[in-house]
Amino acid sequence: MSEAEIRAETFRRVRKVVGEVLKIAEERITLESRYREDLNADSFDNLSLFLALEEEFNRTIEGEGVAHLTTVGETVDFILGRMAGPAPASAS
Amino acid sequence: MKRRVAVTGLGVISSIGAGVEEFWRACLDGTTRAEAIPEEWLAYSDFTSRVWSPLPEPDYAAFGIGRIERMQHDPTALLAIAAAFQALAAAGLTRELRDEKRNTYTLQGIDAARAGIVLGTGIGGVRSLLSSFLAQALSRPKEALGEIRECLRGGEPSRALELLDACERRLKIPGRMSPFSVPMAMPNAGASALSIKLSLVGPHHTFCAACASGTVAIGHGYRAIAAGSSDLVLAGGVEYLDDGYGGIFRGFDLARTLTRESDPERASRPFDRRRSGFLFSQGGAAILVLEEAEHARRRGAPLLAEVAGFAETSDAFNVMLMEPDGRQIARTIAGAIADAGLQPEDIDYVNAHGTGTLANDEIEAAVLERIFGTRPLVNSTKSLLGHTLGASGALEAAVTVLSLHRRTTHACRNLDEPISALNFVRRVEEHALRAALSQSFAFGGHNAALVFRDAADF
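Attention here is on the structure that accompanies the text. Small disclaimer: the values here were computed from a predicted structure and weren't measured. Sequence order as written defines the numbering, with residues in each chain counted from 1. A letter from A marks each chain and a number from 1 marks each ligand, given out in the order of writing. Reporting of local features is limited, given that this is a predicted model, to residues whose pLDDT is at least 70; pairs of side-chain atoms are given and counted only at 80 or more, and all residues count toward the totals for whole chains, interfaces and linings.

## A few points about the overall build of chain A
Inclusion rule: The helix and strand labels rest on DSSP assignments: H or I over at least four residues marks a helix, E over at least two residues marks a strand, and numbering proceeds from the N terminus. Burial is judged by counting the other C-beta atoms within 10 Å of a residue's own C-beta: 20 or more makes it buried, 12 or fewer makes it exposed, and any count in between marks it as partly exposed, with every C-beta position built from the backbone.
Helix and strand content of chain A: four helices and zero strands. Of all 92 residues assigned to chain A, the portion counted as buried reaches 22%.

## Overview of the interface of chain B and chain A
Put simply, the rule is: The contact criterion used is a C-beta to C-beta distance within 7 Å, with each C-beta placed from the backbone. Gly falls in the polar group here, along with every residue not listed as nonpolar (Ala, Val, Leu, Ile, Met, Phe, Trp, Tyr, Cys, Pro) or charged (Asp, Glu, Lys, Arg).
Counting from both sides, the interface comprises 16 residues of chain B and, opposite them, 16 residues of chain A. Elements that contribute at least two residues to the side of chain B that touches chain A include exactly α2 (67-72) and α4 (126-153) of chain B. Ranked by residue count, the leading element in the side of chain B that touches chain A is α4 of chain B, at five residues. Along the lines of polarity and charge, the residues of the side of chain B that touches chain A split into seven nonpolar, four polar and five charged.

## Considerations on the pairing of strand β6 (residues 104-107) of chain B
All names here are of chain B. Selection rule: Pairing between strands is defined by DSSP: at least two bridges between the two strands are required.
Bridge analysis of strand β5 (residues 95-99) against β6 gives four bridges, and the strand direction is antiparallel. Bridge pairing in β6 places Glu96 opposite Thr106. Linking β5 back to β6 in an antiparallel pair, the connection comprises four residues, with Asn103 at a positive phi of about 55 degrees.

## A closer look at the sheet that holds strand β11 (residues 377-379) of chain B
Residue and element names in this part refer to chain B. Note the cut-off: To obtain each axis, a line is fitted to C-alpha atoms, and for helices this fit is confined to the stretch in contact; angles are then taken between N-to-C directions over 0 to 180 degrees.
Strand order in the open sheet formed by six strands is β9-β14-β13-β10-β11-β12, and the pairing between neighbours is mixed. Edge positions in the sheet fall to β9 (305-314) and β12 (423-424), since each of these pairs with one other strand and no more. Relative to strand β14 (residues 446-454), strand β13 (residues 435-441) runs antiparallel, the two being bridged by seven bridges. Across the sheet, Ala435 pairs through a bridge with Arg453, a residue of β14. Contacts from helix α11 (residues 327-339) reach β9, β13 and β14, with the element oriented near 150 degrees to β9.

## So, the packing of α11 of chain B against helix α12 (residues 358-372) of chain B
Residues and elements named next belong to chain B. As a reminder of what qualifies: By the definition adopted for this analysis, an angle is roughly parallel if under 35 degrees, roughly antiparallel if over 145, roughly perpendicular if from 65 to 115, and oblique otherwise. Take the far helix as the reference: if the near one is turned anticlockwise from it by less than a right angle, the crossing is left-handed, and if turned clockwise, right-handed.
Look at α11 against α12: their axes get within 10 Å of each other, and the N-to-C directions meet at 45 degrees. Considered as vectors, α11 and α12 are oriented oblique to each other. Crossing of α11 against α12: the hand is right-handed. Side by side, α11 and α12 meet where Ile329, Ala330 and Ile333 of the first sit next to Glu364, Val367, Arg370 and Ile371 of the second. A class-by-class count of the residues in the contact of α11 with α12 yields five nonpolar, no polar and two charged.

## Structural notes on unusual backbone geometry
All names here are of chain B. The residue Leu389 is not glycine, and still its phi comes out positive at about 50 degrees. Mapped onto the elements, Leu389 comes out in the loop between α13 (382-385) and α14 (392-406). The class for Leu389 is buried, based on 27 C-beta atoms found within 10 Å. Located in the positive-phi region is Arg407, a residue other than glycine, with phi close to 60 degrees. Here Arg407 falls in the partly exposed class, since 13 other C-beta atoms lie within 10 Å of it.

As structure tokens, then:
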């Protein structure tokens, strides 16, 4: 898969998770969507998103979780950065 | 006159049947469900008993509970929801969707302020606790095992030995598993120990209301005496939060509730603009002797203060977030003051919940200002102790009693830039305190408040 295809596929999966957690139709979610302002997400949603993304991508997200990510696009970049790293043993 | 009580609906989730009809049919058929314990358990221990009765997972989707919600709840909460939905349907009570994102409902035709929940549990959410705990304790040792395998394959035995040493050091394991592990772990262990230790044979209860547990326990102790069912009650709260691996701490840390301050002296700063979360305490306890006034007078007991009022409500909003408008908190405070036969202007001092988290302090300060204005003194004992969770309400009740009795109270530590104009205690001075409020608000949406009066008013 090309880099663009991998990014598109990651966005598709992130969008599915975001839609499921926030109960929002996937068509409403774009790379530019801001969690708080556009998608009405609060800190509790953020924790749920953290958990659901870990499960979707079978990765442990250490430290600050995903609270520092303000848009869906940033989340896609974050996931792509993590995917490039080594898989933690605890995710198996 | 005592009111009569009817049962109007039932819900059952059991190993032999889910739903009243299936369950009852299985009962009448003499059905049981017992089988060999899971094979993989045998790798960890030699068991004496080798059978159990497994519980089939309910079809949660049929109850409108999706994948995300199942990740957010312990099985005990999911089972309670499923059984309650059955019972409500049987009782002819209709649920109406209130919030689609949170998947919450209201009950049609029911006054929510007059409807409550009472549940008992032996061990509660211990499965979730242990699951997170195992992840905390064993993730890195397991990761190290993988590295050791690679080192051995790659001909690096000395590196493998180093990793093995580190792995062994990380596995802090108690000498043995105790045959007392169940009675030691159960939430009612403290109350039970007191009852046995002191040969008190009246009823003893354990209230699990997260950070409001101590306040709720004292409130119910007060009610038991007020209603005439007890003359003396030991009431309070206790908590111990050190698991040796930092697992419990990490649970709160992951939830982003803990202080980010690096200077320990400045770590706990409730109601300050630069607060960043609460200071996690290893634990604590406070017990109050509550006694019927005449009973106390007859034996010449010291009268420190009067427990004059108590109220509790539920936010019914979110398991971790306070309702932003603080409506139920305000109702709790008003209820406790009314129960004491007082008015808001009679309250001279408020021992606030004041955790030091961003949202909670803001909401609590706004509610206090709305109800009391800026007259009563306000402090947060958590600015000194940090947060002892279930013990905090009892420790703060003790501070409130002492403040009334000693006619002074402690200052708010680290309150450099207050977030509101409340009359925060800035220095220790003498105060003629007549009535005081101690309040707690907890995960799960529990709100509880106690009103204490100066013993001179007896």
